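So the chains spell out like this:
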Amino acid sequence: MSFTKIAGTGSYVPQTVFTNDDLKQFVDTSDEWIFTRTGIRERHMTQGETTLDLAYHAAINAIHSAQIDKNEIDLIIVATVTADYAFPGVSQLLQAQLEIEGATAFDINAACSGFLYAMQIADKMIKAGGFHNALIVGAETLTRLTDWRDRNTCVLFGDGAGAMIISKSDTNQITDIITGAQGDTDLLLVCKNPDLKDPHVNAISSQDHIHMKGQEVFKFATRIMPKTVTDLLERNHLTINDLDCVVAHQANQRIIDKSARDLGIDMSKMFSNIHKYGNTSAASVPIAIDEAIRTNFLKKGDRFITVAFGGGLTWGGALITL
Ligand code: ACO
């Protein structure tokens, strides 16, 4: 039986910071409203850096943290909804930029749950044999899909990337991963591709923006995140008290607070950095895990669950011993 572990993590956010007060220049909002409703104080926004640029810097940091030769990486998966091109994927351009000869590389899209999906695929590909070290990345330039006229959504998002090296291991450290989906036929959270009105006319269509029915998404999130954690605990014969901490998708502090209350876990065990980054979609979980490790919130030997929900609608959770 082959096992897997987290061998290293890294993250990267663009330099430019927009505080809630900065947003007031072009959005009818206030720091007080945004912070009370979401827990967000500021977010990083790209000023020309591409999704690939963010993914590259996060990947370099993860490779350094894992202390492996980059050429030992044989699998690269990038989770993103903001790839720079329809093709090539961010993953393939990343493979070229990192100069990792011949590694299998592909992108996946499961919105904010994308990193958990990537982790599950990498974990299973290594456990099935044939792959040894996977670089998985969540990278987003979400602010380019933001409608700055829609104050309900534009205050929520930020840009960034997080990366992780998952390696074959003698010990069982990535113990279990759950993912799932429930097709969003009610269009609670959508960003449409341009319509192809007449395939024979080379029409230029404009890019759609993110649309969200916030309260419905809130209800979905606060139901699915505790359920995913509970499902993982039950099928591994554990209770919430067996966890050192939970690292949840950073979408809204009130979603994290309610999930913690419903799970009966102390808030001191819930990692949070949403105040600095906003919601960075697929990048949120790996940025949070990396920061939790770098700040010693998560320590070697800790058992934790990381959990996310996202557009699709999708969800995912992983039970891990660091
Ligand atoms: N600034 C000031 N006022 C605002 C703003 C703003 N930025 N946005 C909305 N308001 C106003 C509204 O117009 C409304 O005013 P009204 O009562 O006069 O009509 C009032 O504030 C309340 O609006 P609600 O939509 O009821 O606010 P709510 O408390 O539901 O909070 C929020 C909105 C923060 C979006 C919440 O619904 C939420 O967090 N939902 C989940 C969002 C989420 O996590 N989405 C996931 C994103 S993608 C992903 O991670 C999968």
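A look at the side chain of Asp-290
Here is step 1: Tracing the backbone shows Asp-290 in helix α10 (residues 284-294).
Here is step 2: Residue classification places Asp-290 among the buried positions, given a relative accessible area of 3%.
Here is step 3: A polar atom in the side chain of Asp-290 sits 2.8 Å from the side chain of Thr-9.

Structural notes on the site of the ligand
Here is step 1: Around the ligand, 25 residues are found, and the nearest of them are Thr-29, Arg-37, Gln-215, Asn-252 and Asn-279.
Here is step 2: Measuring from a nitrogen atom of the ligand, one finds a backbone N or O atom of Arg-151 at 2.9 Å.
Here is step 3: Here Gly-214 contributes a backbone N or O atom positioned 2.9 Å from a nitrogen atom of the ligand.
Here is step 4: Considering the ligand on its own, with 1000 Å² of exposed area, one finds that the protein chains cover 75% of that surface.
Here is step 5: Going through the elements one at a time, α2 (31-38), α6 (151-154), α7 (214-235), α8 (253-263) and β13 (303-310) are the ones with two or more residues in the shell around the ligand.
Here is step 6: Broken down by element, the shell around the ligand gets its largest block of residues, 4 residues, from α7.
Here is step 7: Residue-level mapping places the shell around the ligand at the junction of two domains, with at least three residues from each of domain 1 (3-171) and domain 2 (176-272 + 280-321).

Some remarks on the nonpolar core
Here is step 1: One finds Met-119, Ile-136, Met-164, Ile-166, Val-247, Leu-298 and Phe-304 to be the most contacted residues of the largest nonpolar core, which totals 34 residues.
Here is step 2: Top element by residues in this core is helix α5 (residues 114-127). It accounts for 7 residues.
Here is step 3: Taken domain by domain, the makeup of this core includes at least three residues from each of domain 1 (3-171) and domain 2 (176-272 + 280-321).
Here is step 4: When residues no more than four places from it in sequence are discounted, the contact partners of Ile-136 are Ile-77, Phe-115, Ala-118, Met-119, Ala-122, Gly-162, Ala-163, Met-164 and Ile-166.

Some details on the sheet that holds strand β1 (residues 3-12)
Here is step 1: With mixed pairing, the 5 strands of this open sheet are ordered in space as β1-β7-β6-β4-β5. On the outer flanks of this sheet lie β1 and β5 (104-108), each paired with one strand and no other. The mean inter-strand angle of the sheet, taken between neighbouring strand axes irrespective of direction, is 15°.
Here is step 2: As defined by bridge partners, β1 adjoins strand β7 (residues 159-169) across 9 bridges and the pair is classed as antiparallel. In the strand pairing of β7, Gly-8 is matched with Ile-165.
Here is step 3: In this fold helix α3 (residues 51-66) packs onto β1, β6 (133-141) and β7, with an angle of close to 125° to the strand it touches most, β1.

Focus: the pattern of salt bridges
Here is step 1: Summed over the entire model, instances satisfying the criterion amount to 13 salt bridges.
Here is step 2: Across the salt bridge formed by Asp-84 and Arg-144, the nearest N and O atoms sit 3.4 Å from each other. Taken as a pair, Asp-84 in the loop between β4 (75-79) and α4 (90-98) and Arg-144 in the loop between β6 and α6 lie far apart in primary sequence, 60 residues in all.
Here is step 3: Here Lys-276 and Glu-291 are joined by a salt bridge, their closest N and O atoms 2.7 Å apart. Of the two residues, Lys-276 is situated in helix α9 (residues 274-277) and Glu-291 in helix α10; the sequence distance between them amounts to 15 residues.
Here is step 4: Assessed through its relative accessible area of 7%, Glu-291 is described here as buried.

Here we look at the domain arrangement of the protein
Here is step 1: The domains assigned to the protein are domain 1 (3-171) and domain 2 (176-272 + 280-321).
Here is step 2: Listed per partner, the contact involves 42 residues of domain 1 and 38 residues of domain 2.
Here is step 3: Each partner contributes to the roughly 3000 Å² buried at the junction of domain 1 and domain 2, and carbon and sulfur atoms together form 66% of this total.
Here is step 4: Among the residues domain 1 hides against domain 2, the three largest losses belong to Cys-112, Leu-116 and Leu-145. Together they make up 21% of the total.
Here is step 5: Here domain 1 is connected to domain 2 by 16 residue pairs in polar contact (both at pLDDT 80 or more).
Here is step 6: Of all elements in the fold, only β1, α2, α5, β6, α6 and β7 reach the threshold of two or more residues within the side of domain 1 that touches domain 2.
Here is step 7: Split into classes, the residues belonging to the side of domain 1 that touches domain 2 amount to 19 nonpolar, 16 polar and 7 charged.

Details of α10
Here is step 1: Burial analysis of α10 places 9 of its 11 residues in the buried class, which makes it a mostly covered element.
Here is step 2: Taken residue by residue, α10 has Ser-284, Val-285, Pro-286, Ile-287, Ala-288, Ile-289, Asp-290, Glu-291 and Ala-292 as its buried positions.
Here is step 3: Immediately downstream of α10, the backbone of Asn-296 shows phi near 70°, a positive value.

Calculation rules
Residues numbered from 1 in each chain as written. Predicted model: local features only at pLDDT ≥ 70, side-chain atom pairs only at ≥ 80, totals over all residues. Heavy atoms only, no water. Helix = DSSP H or I, 4+ residues; strand = E, 2+ residues; numbered from the N terminus. Buried < 20%, exposed > 50% of the residue type's maximum accessible area, 1.4 Å probe, protein only. Polar contact = N/O pair within 3.5 Å; in protein donor to acceptor, adjacent residues only side chain to side chain. Near = heavy atom within 4 Å. Areas by Shrake-Rupley, 256 points an atom, 1.4 Å probe, with all protein chains shown as cover. Domains from an automatic or database assignment. Core = buried A, V, L, I, M, F, W, Y, C linked by side-chain atoms within 4.5 Å. Contact = heavy atoms within 4.5 Å. Pairing = 2+ DSSP bridges. Axes fitted to C-alpha atoms, helices over the stretch in contact; angles between N-to-C directions. Salt bridge = Lys/Arg side-chain N within 4 Å of Asp/Glu carboxyl O. Buried area = accessible area lost by both parts, 1.4 Å probe. Nonpolar A, V, L, I, M, F, W, Y, C, P; charged D, E, K, R; others polar.

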